[in-house]
Amino acid sequence: MGLLDILLGRTKPVAPDLDELFALPSAAVTLEAAASFTPTGRGAVCFATVEGAAFEQTHREVRALLDADTERTGPPVELERDAYGYSWLVSHRSPGELPLLVNDLHAVNDSLEINGFGPQLLCSLAGFRDEEGRRLALVYLYKRGTFYPFAPLPGAGQRRDSALELQVKAALAGDLRIEEDLARWFPVWGAPGL
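Residues numbered from 1 in each chain as written. Predicted model: local features only at pLDDT ≥ 70, side-chain atom pairs only at ≥ 80, totals over all residues. Heavy atoms only, no water.

J.: Please clarify how the overall build of the protein should be interpreted in this entry.
T.: When you go through the protein residue by residue, the secondary structure sums to five helices and six strands. Starting at the N terminus and walking to the C terminus, you meet the elements of the protein as α-α-β-α-β-β-α-β-β-β-α. In the protein, which comprises 194 residues, the share counted as buried stands at 43%. If you take every contact in the protein between residues at least 6 apart in sequence, the share linking residues at least 24 apart comes to 66%. (Helix = DSSP H or I, 4+ residues; strand = E, 2+ residues; numbered from the N terminus. Buried < 20%, exposed > 50% of the residue type's maximum accessible area, 1.4 Å probe, protein only. Contact = heavy atoms within 4.5 Å.)

Shown next, in the form of structure tokens:
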């Protein structure tokens, strides 16, 4: 970045660092201690819908890569589309296997990036739940290299628990790169991995 960029207030976008995902298991320990949320074993990678043979080949490669895990039960990754037209590659693990889930999310992101689909990547998330049944997602923004919490309220309608999200933000500030711009804490209504 040059002097003119500094004077004009222009900034370079943060390069995605997929290795930030590996901070999730230690953040989960902090999250459980601070707010009693534990992993659900579900996670997902969201991207703008892509059609064509190149994406189908990449999807097959991702499935083959994750299917190589002989200890996995059930499908390694499922492709789902949400009501907004975005695609989600969803991974299922047991709740105690968060490090393996993070490996899955990293592998999916990495495979899509390597095969030229990086610009379509939007976010990844890992799901959590507490004893009261409240849901929470820790969402990684691919293009920003940061995380934010998303806590939908139960029941009809699209409402979120902003107080819980801010509590989680404060609790995880030492564990994850938290997105400081709250306007970028996009709701992920109906996310398959949540």
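J.: Explain the sheet that holds strand β4 (residues 121-129) to me, please; I cannot follow it from the model alone.
T.: The strands making up a sheet associate through backbone hydrogen bonding, with each pair oriented either parallel or antiparallel. Across the sheet, six strands lie side by side as β2-β3-β1-β4-β5-β6; this open sheet has antiparallel pairing. In this open sheet, the two edge strands, each paired with only one partner strand, are β2 (78-81) and β6 (146-150). Strand after strand, the sheet turns through a mean of 25 degrees between neighbouring axes, direction not considered. Where β4 meets strand β5 (residues 135-141), seven bridges bridge the pair, whose relative direction is antiparallel. When the bridges of β5 are listed, A126 appears paired with L138. (Pairing = 2+ DSSP bridges. Axes fitted to C-alpha atoms, helices over the stretch in contact; angles between N-to-C directions.)

J.: Please clarify how the pattern of salt bridges should be interpreted in this entry.
T.: When the charged atoms of two side chains with opposite charge come close together, those side chains can pair. The full count for this structure, using the stated rule, is seven salt bridges. Between R134 and D130 there is a salt bridge whose closest N-O contact spans 2.7 Å. Two residues, R134 and E132, come together in a salt bridge whose shortest N-O distance is 3.8 Å. Assessed through its relative accessible area of 26%, R134 is described here as partly exposed. Relative accessible area serves as the criterion here: at 65%, E132 is assigned to the exposed category. Look at the salt bridges and you will find they share partners, linking D130, E132 and R134 into a network. (Salt bridge = Lys/Arg side-chain N within 4 Å of Asp/Glu carboxyl O.)

J.: Looking at this model, I keep getting lost on the nonpolar core. Mind explaining?
T.: Here is a general trend for soluble globular proteins: nonpolar side chains tend to be buried in one another's company. Grouped together as the largest cluster of nonpolar side chains are 55 residues, with contacts concentrated most on L31, W88, L112, F128, L176 and V188. Setting aside residues up to four positions removed in sequence, L112 forms contacts with V45, F47, F55, T58, L89, F117, G118 and L121. (Core = buried A, V, L, I, M, F, W, Y, C linked by side-chain atoms within 4.5 Å.)

J.: Mind showing me how you'd approach the state of the cysteines here?
T.: Every disulfide links exactly two cysteines, by a covalent bond between their sulfur atoms. Scanning the entire structure with this criterion turns up zero disulfides. Free of any disulfide, C46 has its nearest cysteine sulfur in C123, 4.6 Å distant. A relative accessible area of 3% places C46 in the buried class. With a relative accessible area of 6%, C123 lands in the buried category. (Disulfide = S-S within 2.5 Å.)

J.: How should the pairing of strand β1 (residues 38-48) be read in this particular structure?
T.: In the case of a regular strand, side chains alternate between the two sheet surfaces. Taken together, the seven bridges between β1 and β4 define a ladder with antiparallel strand orientation. Along β4, the bridge assignment pairs T38 with R129. When β1 meets strand β3 (residues 86-92), the two strands line up antiparallel, connected through seven bridges. Bridging from a neighbouring strand, A48 pairs with Y86 of β3.

J.: Can you help me understand the side chain of R93 in this one?
T.: For R93, the position within the fold is in the loop between β3 and α4 (98-117). Separated by 2.9 Å, the side chains of R93 and D104 make a polar contact. (Polar contact = N/O pair within 3.5 Å; in protein donor to acceptor, adjacent residues only side chain to side chain.)

J.: Even after reading the chapter, I still don't get unusual backbone geometry, so can you show me in this structure?
T.: For residues that are not glycine, phi is negative in most cases, and the peptide bond is trans in most cases. The phi angle at S36 is positive, at roughly 65 degrees, despite the residue not being glycine. Counting through the fold element by element, S36 comes out in the loop between α2 (24-35) and β1.

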